[in-house]
Every structure is written in C-alpha cells, then in structure tokens.
Amino acid sequence: MNRFNQLYAWLMLLPALVLLLAFTHIPALTTLWHSLFFPARGRNPSEFAGLENYRSMLDDAVFWQAFHNNLWYAIGTVPTSMALALAMALWVNSKISGRAALRLAYFTPTMLPMIAVANIWLFFYTPEIGLFNKILNSVGLTGINWLGDPNWALISLMLMTIWKESGFFMIFYLAALQSLNKDIYAAAAVENASPLYVFRRITLPLLMPTTLFVLVNAVLNAFKLVDHLFILTKGGPNNATNLLLYYIYENAFSFFDSNYAAALTLVLLILLILLAVVQFLLVERRIHYR
Amino acid sequence: MMPTFTRTLSFTAAWALGLAWIFPLLYAFWAAFHPSEYATRFDLLAPLTLEHFVTAWQQAPFMRYMFNTMMITGLILSFQLVLCTLAGYALARMPFKGRSLLFGLVLLQLMIVPEILIVENYRTLAKLELIDTWLGVGLPYMASAFGIFLLRQTFKTVPQELEDAARLEGCSWLGVLWKVYVPLAKPTYLAFGLVSVSHHWNNFLWPLVVTNTTNSRPLTVGMAIFGAPESGVDWPVICAGTLIAIGPLLIVFLIFQRRFLQSFMHAGLK
C-alpha cells in the first residue's frame, strides 16, 4: 500500500516535473555546456572553445557597459519604487478621501504591457514636440534629448520603470498592512506615540518580511524586464542603455552567436543567485535583531 | 491624530502622485480620440474622431493578434491549473521520499525564471519543431513554480479530517482532490488565474523570440512591430493601436478591479 502511494505521488508530480526540468533546470545546465563552444559556421560543426567565450567577455567593452548599466538601473529603480510603493500603500490603507480612485490610479500601470507603456512614453520623450520638453520650455528651460543623449537615456528608462512598477509593489505592502495586528496600534495610541514613531518602531519592522519579498522581486525584475528597450532605445545611443538580458538577446538573435549568448546567460544566472543569497542574509539578520 | 498641516500635505502628495500615475493613460486616450493637430494642444472643444482607430485597424491584423493572445493565455492557464493542482497536492499531502528536495527544485524556478533562459529554450523548441506555434509560446510557462507553491500552501490549510472522512466514504486520491481540496481552494484558483492571465497577456520577450509570423504572434509583439519608430506611423495612430491592444484586458480589469486587487493581494500574501 505504501509503495503504491509513493508511485501515485510521483505520477501526480510527473507532468509538472518534466516541464520544469525541460525548461528550467536542464537549460540552466546546458547553458554552461554550450558556453564552452564556438558557434558553428557554415558547414563546420561547432568547435570546443574551452573558456574562450569567457575570455572574450572580459575584453568585451559592451558587456561591461551592459553590466554597469544594469547595476545602475537596479540601483536607480529598486529603492525608489519600493519607497513609493510603501507610501502608496500607507495612503491607500488610511482614511484618505477618494482612496478607491487613488488605489486604481496607482495600480493601473501594472495592468498595462511594458510595450504599450513604452509606445505611449516614447512620445513624451520626443525631442521637439514631446510633452516633457514642452513642459520644460514653458518654464523657460531648454529641452533635453531624453532618449538620444547618452547621459539621459538610462535615466529616462528608469523614470518610466519606476512609474510602471511602484503600483505592483504597493499591492504586497497593502496586503501586509491589512493583515497587521490592530492591538499593537491601540497600545501605541494609549502610550500617545507620535505617528512617525509608530511608523518607525512598529509598522516598518513588522513589514520587514514583505520588504524582503518585494526587494527580491524588484531586483529580479530589474534584470529580467527589458521589453521597453525594444521600443525606446534598442540599447542605444552607443549602448548607453544596453542591459544584460537585451545584450543576450542581441547576441543570440541578431549576431547569431548563441554560444557567447550562453556564456552571458550563465553570468546573469550566477549574478541573480548571488544577489538573492546576499539579500536574504542581510534582511534575515535585521528581522532577527528586532 | 496628525496635525492638520501634515494631513493636508500628505493628502496633496497622495493625489499629485495619483494624477501623475494615471496621466499617461489619459493622455493616450486624448491623443487617440482627437485629430492629430490636437496631440499637443489641449482644447476641451476639440472635435472627437475615430480616424486613428480606423487607420490603426487597417495597418495591423489586430483581430488575429488578439485571437493568438487569447489562445496562448488560455492554453497556458488550463495546463497550469491541472499540472499545478496535481503537483501542489502531492507536495502538500502525500508522504514520499525526496519530497523536500523536489519542493526545493520547484522553488528554484522562482529565481531562475524562464525569461532568462531564452537562448537554450529556443534551441529546445527548435528541436521539437514548435517554433511559431501557440504551444511553443506556452510550453515553458505551463509548470509554474508560483502556482505549485500557491496551491501547496492552500492545500496545507485544509483540515486533514475532511480528507479522512471522504476517504472513509470510499473516495480515491483523485476523488478526494477533486471533491474536497479543489472546491476549498477556489479563492486561490481565482487569484492565480487572474495573475497568470494578466502576466501572459502582457508577456513580450519570449513570444518575440519564438514567433515569426501572424500565425502565432501575440498582441504585444504585434504592438511592438506596429509602434516601432522605423515603421513611421503617426503617434496618435500608435496610441489608437495600443488602446485596441490593451482594451480587452483593461476593460475587464476596470469592471472587476476589486476582484483583481484582492487576487493580487491574496497571491502576494502567501
């Protein structure tokens, strides 16, 4: 009977397991394998390359640029959108007037595809007739070449990303806020604690697990969401906005070097796993100290 | 109570942010429904027009794209519901060797998302000759770690006595799952379903990689081709096309927004 149950359990898991292995675990391993070869050219089969792809990566200025861009992109978008998300959640959870409408306004960008958002924002960023420059001109400032100026292009992408993502992260904070124990706030009210004190000493620490969760997701998004590049900049000008996953796409599907793309993918995978471990350790420690 | 000044300040900030957040969408509506010369000029009396929608509709096969998107999201969701239910139940309630190891393998997919593995997954799909098919777009997402995790957590909260009682009446494993667990997990199914549909309706990079023609190309990819600067289309027309593409999901969202928000919150709490 027990053996029968074991078999049954495995059978139930089997379909999901096969697909998970086929599209997540095995590709992660074959990425490593394929990164050790040169691409097949014409009729010649692909040749073993050893670590040659990784060596050329070290000399590849575009890779380093995309790497730096991606780090700055994460630093520029993650903390800001998380702080905004928390503020939004606090507002929407309070007795502010019109909070249903506010909640809808904050959340709507989440429901739009990144491509649609980029299509709309592209016009805001247009140099001569774009909305942002019209606003700047109307207060007497000279316009900015938002997407064409290497110094501004990445910042422009960050602005749009923050707008797109904050409402999504708000949801997690809102869910956590609504499940907080009311008694502790009643106790704080009895003690006459100031709102700021309550926020710093009660709300924020209690939200720590949510913050960890949102942080992991936000960082992951900063590395896996590159849809808007296809519309807004295509990684340009001069790779000023190239991000790792977009560079992987370019190598695999525009330059047809899927082996170098595999090497890049492996770097991205390791980077993400490292980031997850570091974040987890950091935040875990803070939760325990409270 | 907060002093009045701080409250007013907080109220103003909240609404300023809210307006900034809804403004781009409203602006797209404005541009799409007015003649091109009003794209940057505000005039309450500007005449309304549908010409941009007509132009957009004629320039891209939106019906076909929408049909593809619906088939792809439907295909993904139906497979996800079955596969994740079976796997979630096995991981929640069936004791077997290697269960925690398997659960760990499942959770790994939350970190190593299929989006990042486009190069290798494209290779696999090419070998299976599934490039440019609905199934090809859907396959990597059908065993969702998120769905398995969510259902496992929900199934674990079902009282064991209910299962034992059903078992006494002669229910099989599958019978118990279908008659006891699935009905009790309805809110989780709804939450997961809405999150999954809105995610795959909006997904872009992987469909871009595996689709070549209008046979399987979803709305997002169609929208990107349509809106690309090199296609030289007028911005109000792009807005109209974009609104056509996001329309169905946006309307459903606006009607059931309470449900959507609750579902996203439900999914986020686990």
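Residues numbered from 1 in each chain as written. Chains lettered and ligands numbered in written order. Predicted model: local features only at pLDDT ≥ 70, side-chain atom pairs only at ≥ 80, totals over all residues. Heavy atoms only, no water.

> Explain the UniProt feature "transmembrane region" (unreviewed entry) in chain B here, please?
When the UniProt feature table is mapped onto this chain numbering, "transmembrane region" (unreviewed entry) sits at residues 12–33, 65–89, 101–119, 131–151 and 235–256 of chain B. Summarising residues 131–151 of chain B: 57% helix, 0% strand, and an end-to-end C-alpha distance of 31 Å. (UniProt positions renumbered as here; feature names shortened; annotations may be inferred. Helix = DSSP H or I, 4+ residues; strand = E, 2+ residues; numbered from the N terminus.)

> Would you explain helix α3 (residues 61–93) of chain A in this entry?
The α-helix advances 3.6 residues per turn, and as a result positions three or four apart in sequence lie on the same side. In this model α3(A) runs 47 Å from its N-terminal to its C-terminal C-alpha over 33 residues, within 8% of the 48 Å that 1.5 Å per residue would give. The backbone nitrogen of A:Val62 has a side-chain oxygen 3.0 Å away, supplied by the residue at the start of α3(A), namely A:Asp60. (Expected span 1.5 Å × (residues − 1). Polar contact = N/O pair within 3.5 Å; in protein donor to acceptor, adjacent residues only side chain to side chain.)

> Sorry, what's going on with empty space enclosed by the protein here?
If a probe the size of a water molecule is rolled over the atoms, the empty space left behind becomes visible. Residue and element names in this part refer to chain A. Tallying each qualifying case throughout the model produces three cavities of 30 Å³ or more. Each pocket or cavity is described by its volume, and for the largest cavity that value is around 70 Å³. Lining the largest cavity are Tyr73, Thr77, Val78, Ser81, Thr161, Ile162, Glu165, Phe169, Ala218, Asn221, Ala222 and Leu225. Those elements giving two or more residues to the lining of the largest cavity turn out to be α3, α7 (150–178) and α10 (208–224). (1 Å grid on protein atoms, 1.4 Å probe; cavity = no way out; pocket = protein on both sides within 12 Å on 5 of 7 lines; lining within 4 Å. Points joined across faces, edges and corners; volume = space filled by probe spheres on them.)

> What is the right way to look at the confidence of the model for chain A in this model?
Low pLDDT means the predicted coordinates in that region are not meant to be read closely. Here chain A averages 85 in pLDDT, while 96% of its residues score no lower than 70. Here helix α6 (residues 131–138) of chain A is the element of chain A with the lowest mean pLDDT, 78, and α3(A) is the one with the highest, 92. (pLDDT = per-residue confidence, 0-100.)

> Help me out: how do you make sense of the UniProt feature "transmembrane region" (unreviewed entry) in chain A in this one?
All names here are of chain A. In this numbering, the UniProt entry assigns the feature "transmembrane region" (unreviewed entry) to residues 7–28, 71–92, 104–124, 152–177, 198–220 and 260–283. For residues 104–124, the end-to-end C-alpha separation is 22 Å, with 90% helix and 0% strand making up the annotated structure. The span residues 198–220 shows a helical share of 96% and a strand share of 0%, and its end C-alpha atoms are spaced 31 Å apart.

> In this structure, what is going on with the pattern of salt bridges? I would like to understand it.
Residues and elements named next belong to chain B. Scanning the entire structure with this criterion turns up two salt bridges over all chains. A salt bridge links Arg123 to Glu120; its shortest N-O distance comes to 3.8 Å. On the criterion of helical spacing, the pair formed by Arg123 and Glu120 is a turn pair, its members being three residues apart in helix α5 (residues 118–127). The partner of Glu163 in a salt bridge is Arg167, with the nearest N and O atoms 2.5 Å apart. Of this pair, Glu163 and Arg167 both sit in helix α8 (residues 160–168), four residues apart, which is roughly one turn of that helix. The class of Glu163 is buried, set by a relative accessible area of 3%. Residue Arg167 is classed as partly exposed on the basis of its relative accessible area of 33%. (Salt bridge = Lys/Arg side-chain N within 4 Å of Asp/Glu carboxyl O. Buried < 20%, exposed > 50% of the residue type's maximum accessible area, 1.4 Å probe, protein only.)

> I tried to follow helix α10 (residues 186–202) of chain B on my own but got confused; where do I start?
All names here are of chain B. With 17 residues, α10 extends 24 Å between its outermost C-alpha atoms, agreeing within 8% with the 24 Å of an ideal straight helix rising 1.5 Å per residue. Counting buried residues along α10, twelve of its 17 residues qualify, which places the element largely inside the surrounding structure. Taken residue by residue, α10 has Thr188, Tyr189, Ala191, Phe192, Gly193, Leu194, Val195, Ser196, Ser198, His200, Trp201 and Asn202 as its buried positions.

> Honestly, the nonpolar core in this entry has me stumped. Any pointers?
In terms of nonpolar packing, the biggest core is built from 186 residues, with A:Tyr106, A:Met170, A:Phe223, B:Tyr89, B:Ile118 and B:Phe155 touching the most fellow members. Top element by residues in this core is α7(A). It accounts for 14 residues. Ignoring anything within four residues of it in the chain, the contact list for B:Ile118 reads A:Leu245, A:Tyr249, A:Phe253, B:Leu205, B:Trp206 and B:Val209. (Core = buried A, V, L, I, M, F, W, Y, C linked by side-chain atoms within 4.5 Å. Contact = heavy atoms within 4.5 Å.)

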